[in-house]
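# Summary of the model geometry
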Amino acid sequence: MRWGCHLPRASWSPGLRRVLQPADERIPFLIHWSWPLKGERPLGSPRAFIRHNGSSVGNGPSSGRHGQLFRGIAASEALQRHRHNLAEWFSRLPREERQFGPTFALDTVHVDPVIRESTPDELLRPLAELALEHQPPSAGLPPLALSQLFDPDACGRRVQTVVLYGTVGTGKSTLVRKMVLDWCYGRLPAFELLIPFSCEDLSSLGPAPASLCQLVAQRYTPLKEILPLMAAAGSRLLFVLHGLEHLNLNFSLASTGLCSDPEKPEAPAAIIINLLRKYMLPEASILVTTRPSAIGRIPSKYVGRYGEICGFSDTNLQKLYFQLRLNQPDCGPGAGGVSVTPAQRDHLVQMLTRNLEGHHQIAAACFLPSYCWLVCATLHFLHAPTPAGQTLTSIYTSFLRLNFSGEMLDSTDPSKLSLMAYAARTMGKLAYEGVSSRKTYFSEEDVRGCLEAGVQTEEEFQLLHVFRRDALRFFLAPCVEPGNTGTFVFTVPAMQEYLAALYIVLGLRKTTLQRVGKEVAELVGRVGEDVSLVLGIVAKLLPLRALPLLFNLLKVVPRVFGRVVGKSREAVAQAMVLEMFREEDYYNDDVLDQMGASILGVEGPRRHPDEPPDDEVFELFPMFMGGLLSAHNRAVLAQLGCPIKTLDALENAQAIKKKLGKLGRQVLPPSELLDHLFFHYEFQNQRFSAEVLGSLRQLNLAGVRMTPLKCTVVATVLGSGRHALDEVNLASCQLDPAGLRTLMPVFLRARKLGLQLNSLGPEACRDLRDLLLHDQCQVTTLRLSNNPLMAAGVALLLEGLAGNTSLKHLSLLHTGLGDEGLELLAAQLDRNQQLQELNVAYNGAGDTAALALAKAAWKHPSLELLHLYFNELSSECRQALRDLGSAAEGGARVVVSLTEGTAVSEYWSVILGEVQRNLNSWDRGRVRRHLELLLRDLEDNRGATLNPWRKAQLLRVEGEVRALLEQLGGPGS
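One structure accompanies this document, and this report is about it. (Residues numbered from 1 in each chain as written. Predicted model: local features only at pLDDT ≥ 70, side-chain atom pairs only at ≥ 80, totals over all residues. Heavy atoms only, no water.)

## Topic: the overall build of the chain
When its secondary structure is counted, the chain shows 38 helices and 19 strands. Put simply, the chain has 973 residues, and 57% of those count as buried. Of the roughly 39,900 Å² that the chain leaves accessible, carbon and sulfur atoms contribute 53%. (Helix = DSSP H or I, 4+ residues; strand = E, 2+ residues; numbered from the N terminus. Buried < 20%, exposed > 50% of the residue type's maximum accessible area, 1.4 Å probe, protein only. Areas by Shrake-Rupley, 256 points an atom, 1.4 Å probe, with all protein chains shown as cover.)

Below you can see the structure in the form of structure tokens.
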């Protein structure tokens, strides 16, 4: 993985009378790819829109002015109700879009994709030129704005029919949706009446006859009253026909006769043909959208203008899109009160903009508006509050649903094969071969080999032709990186891993033995029983008793084949687990940070182009495999024509669990351990995770940047477990109070909890206090060193200590307590009767506070050890503390130096170890000063003792101190 909503293509319901239907059940066809306009507000006052590169907004009258045709009160009211119903219907948002915040409504600004006018000659270019390359606009044909679609052509002829075409993901539905909403709000004054039709909806009616008036009245009830005026509207009546590829049109007179009567029942396809012929309502304007493969279904003589929707061919459009979408406020705080601040959103936009300018491959991918949506959805997932149950796999699955739901590859083909199923078979094969051979660049031969594999009949070649024209550019893009020109890459690298995982879980990867063996096993299984029965009867009459035994063996064949399939699943699971636990990837970033860096770029210098490329990493592949087996994603894939059988999912899960149980017990580096947990988060199966992670006893994520999403991942996967965790190490993880609240279920299972070096302040101590007071708390060791807790934080911790019975060891090393903090500890230490060790070293405390705490520790019934080294103590105070520790037996020992009398302290390695670990984070001058004092103390004690063994020990420790001083740049001697 090198770097890095549209709404579903479902048809309209049979009428806009059902506008109150929940948006998630059956989304109207024009709501997919709805990146520009969001919201569910009814028709009201005009909104302000920001447009780029053209607009359908005119300077004409507002919605209250309907020209000369509908001046009557009844007609005017009917038209207003029609506007209102359309606006409400087209403003509905699916669940995938609501995640971006409540301000994604009708008055949200949006960006228009580029529309390039084309000619019929260009449409006849060979397919090789249309496969993947985007053709720049011709010099004589500038880009078109929506308001210019029906302008006279170059010869001055009036344009009545416009055909807009574009591959999957370029934004056809967005443009139509925007045009409809513009008309609803009076921003398209050229047309007095607009009637949109979904061709998918019309195709579902089949050949059943219905008149044009009936089709309109059934879908738009308010228009019943003004249907008689429709013919008089002339060019001010606009029909919008979206998704022409769903209709099989035959313009020959022998197949479709002429009809000019809007009230005469005909097949829906015949009505559309006569509208396009200009034989029915000849003055009406018509806007058609279609995929490139269906352009030829309308003879060019009936088309006044062709327009190719080119997406965001200008990076400025991409930047504007990202600014508008990513700067929207969130829906509200997520788990633990997490929310994204405006400054954080601005930073995301700035980093993404810089990466677009410097990384041409991501700019090439964002040429498709649909992939701009995917980039925004991924960033939102990584940085914004995560909705419950949302996973990375579900984002990619929803992305495909929003682009491919209800889409057949070719409506004229009797197989009715879904476009997504065909893509999974062909592009999935290419993706998996890339993952298995660890490559992301594909030659033209590689692509052709996967596309043409198994293609033999004319019908199969026709399907391939349609896929290449309509959808190949959605999945593959020409590589623009230096040194790899002439090759192809997946438009988004993570999509390669997703499709490879989909190819596997759908069972499309079959060996020759499996393909042949399945057919033979099924045949033998069907025939074997019948043959055995017949031979059993014959054997009673003839001496052929051995034959039934032989044919009974045929029954074993299906069972043997089942074992072959099971071995194949185990091999796939083995490959997946090995990919997850590759030793070569042990010390790279976790997979979530890799995704963020691939989209936003990496801060700092880039790798020189002449350097050999790093080995390709496919750590998302196993994550997607687990995610695709979850119940939610399987349900969505079934809608796309890619069903995964429950039994197959269970068998795959069992194979994966078996392999994870063997390899998952090894101790993993922190980043790989987080990847392992993220796999379980994607799988969304608590029982599976509990069985696999039942042996996990140490959670070491030290050094992993714990973003809100990662905290949610860890809490979701481990928070519901029952067994205790011996140690949870979250040192140097950039945790904040919100992260602590999210991880609270995991903390309640921990015995040792390390939260060092996290910049936790007094606010975080409120959550730590609640943890200590929780009745299920079992923390025995709490390390809070190198956090600016201050005295205010210690006051809150003392409240927790007073009611806690489990804590035995507490480290407050270098937490900025000062005299005030130590005095608070001294005054309230006796409120806890179980504490055994307290570390308050390096806190800038003076003699009075240190002596007070030492006396309180000496009186404490259970405290055994008190660390006070590296505080601002005088030599007299250090001596007094040594005397106090040795005054009587039973009191707490006080560690203030590397020596005890003339001997080396048994805790000298603990002290120097803390210095070594924190050498880069502590104040170097202050540490040097303390080490020099310790060095003089060692030298004095070495001179005061005559014991050679003690002298040798003191010399050894002196050498360690001098080595540390040299690292700090101080004198070593």
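So, next bit.
## Focus on helix α32 (residues 790-802)
The end-to-end C-alpha distance of α32, which contains 13 residues, comes to 19 Å, matching closely the 18 Å that a straight helix rising 1.5 Å per residue would cover. Here α32 has its buried residues at Ala 791, Gly 793, Val 794, Leu 796, Leu 797, Leu 798, Gly 800 and Leu 801. Its buried side turned inward, α32 meets α31 (762-773), β14 (809-811) and α33 (818-828). (Expected span 1.5 Å × (residues − 1). Contact = heavy atoms within 4.5 Å.)

## Digging into the sheet that holds strand β7 (residues 305-311)
Pairing is mixed across the open sheet formed by 7 strands, whose spatial order is β2-β1-β7-β3-β6-β5-β4. Whereas interior strands pair on both sides, the edge strands pair on one side only; in this sheet they are β2 (143-144) and β4 (193-198). Of the pairings in the sheet, the one linking strand β5 (residues 237-242) to strand β6 (residues 285-290) comprises 5 bridges and is parallel in character. Residue pairing across strands places Leu 241 opposite Val 288, the latter belonging to β6. (Pairing = 2+ DSSP bridges.)

## Some thoughts on the pattern of salt bridges
Scanning the model with the defined rule gives 35 salt bridges in all. The closest approach of N and O atoms between Glu 122 and Arg 116, which form a salt bridge, is 2.8 Å. Overall, Glu 122 belongs to the buried group, its relative accessible area being 15%. Here Arg 116 falls in the buried class, since its relative accessible area comes to 0%. Through salt bridges with shared partners, one network takes in Asp 590, Asp 593, Arg 705 and Lys 710. (Salt bridge = Lys/Arg side-chain N within 4 Å of Asp/Glu carboxyl O.)

## Re the sheet that holds strand β11 (residues 725-729)
Here we have 8 strands laid out as an open sheet, ordered β10-β11-β12-β13-β14-β15-β16-β17, and parallel in their pairing. Both edges of this open sheet fall to β10 (698-700) and β17 (893-895), since each of them pairs with a single strand only. With direction set aside, neighbouring strand axes in the sheet form an average angle of 10 degrees. Two elements, strand β13 (residues 781-783) and β14, share 3 bridges in a ladder whose sense is parallel. Across the sheet, Leu 782 pairs through a bridge with Leu 810, a residue of β14. (Axes fitted to C-alpha atoms, helices over the stretch in contact; angles between N-to-C directions.)

## Points about the environment of Gln 214
Position of Gln 214 relative to the elements: it lies in helix α7 (residues 212-219). Between the alpha carbons of Gln 214 and Glu 263 there is a distance of 7.4 Å; along the sequence they are 49 residues apart. A polar contact is formed between the side chain of Gln 214 and the backbone nitrogen of Ser 211, at a distance of 2.9 Å. (Polar contact = N/O pair within 3.5 Å; in protein donor to acceptor, adjacent residues only side chain to side chain.)

## Quick look at the packing of aromatic side chains
Going through the model one piece at a time under the given rule, you end up with 28 aromatic pairs. Arranged with centres 5.8 Å apart and planes meeting at 80 degrees, the rings of Tyr 321 and Phe 322 form a pair that is edge-to-face. Note on accessibility: Tyr 321 and Phe 322 belong to one class, buried. On the numbers, 5.0 Å between centres and 80 degrees between planes, the contact of Phe 474 with Phe 475 is edge-to-face. The exposure class assigned to Phe 474 is buried, which follows from its relative accessible area of 0%. (Phe/Tyr/Trp six-rings, centres within 6.5 Å; stacked < 30°, edge-to-face > 60°.)

## Observations concerning the pairing of strand β1 (residues 114-118)
Extensive coverage of β1 is indicated by the burial of 5 of its 5 residues. Inspection of the sheet shows β1 paired to β7 by 5 bridges, in the antiparallel sense. What sits directly across from Val 114, in β7, is Gly 311. Here 2 bridges tie β1 to β2, and the two strands are oriented antiparallel to one another. Of the residues in β2, the one forming a bridge with Arg 116 is Pro 143.

## Overview of the packing of helix α13 (residues 392-404) against helix α24 (residues 631-639)
When two helices pack together, their arrangement is given by the angle between the helix axes and the distance between those axes. Close contact between α13 and α24 brings their axes to 10 Å; oriented N to C, the two are set at 15 degrees. In terms of orientation, α13 lies roughly parallel with respect to α24. The two elements α13 and α24 meet at a crossing, and its hand is left-handed. Touching Thr 393, Ser 394, Thr 397 and Arg 401 of α13 are His 632, Asn 633, Val 636, Leu 637 and Gln 639, all from α24. For the contact of α13 with α24, the residue count by class is 2 nonpolar, 6 polar and 1 charged. (Parallel < 35°, antiparallel > 145°, perpendicular 65-115°, else oblique. Left-handed = near helix turned anticlockwise from the far one by under 90°. Nonpolar A, V, L, I, M, F, W, Y, C, P; charged D, E, K, R; others polar.)

## Overview of unusual backbone geometry
What is expected of a backbone is that most residues other than glycine have negative phi and most peptide bonds are trans. Look at Leu 281: it is not a glycine, yet its phi comes out positive at around 50 degrees. Residue placement: Leu 281 occurs in the loop between α8 (268-276) and β6. Even without a glycine there, the phi angle at Arg 438 is positive, about 60 degrees. Relative to the elements of secondary structure, Arg 438 occurs in the loop between α14 (419-436) and α15 (444-451).

## Quick word on the pairing of strand β12 (residues 750-754)
Within a regular beta strand, the side chains point alternately toward one face of the sheet and then the other, so they alternate between its two faces. Where β11 and β12 come together, 4 bridges link them in parallel fashion. Pairing of Glu 727 across the sheet is with Lys 752, part of β12. Strand direction decides the pairing type here: β12 and β13, joined by 3 bridges, are parallel. When the bridges of β13 are listed, Leu 753 appears paired with Leu 782. Once the chain exits β12 it traverses α31 before rejoining the sheet at β13, and the crossover so formed is right-handed. (Right-handed = clockwise from strand over helix to strand, strands pointing away.)

## Quick word on the side chain of Lys 278
Relative to the elements of secondary structure, Lys 278 occurs in the loop between α8 and β6. Buried and unpaired, Lys 278 has no salt bridge, with Glu 283 as the nearest side chain of opposite charge at 8.1 Å. Excluding its chain neighbours within four sequence positions, the residues that come into contact with Lys 278 are Gln 160, Thr 161, Ala 284, Ser 285 and Ile 286. (Lys, Arg positive; Asp, Glu negative; His and termini not counted.)

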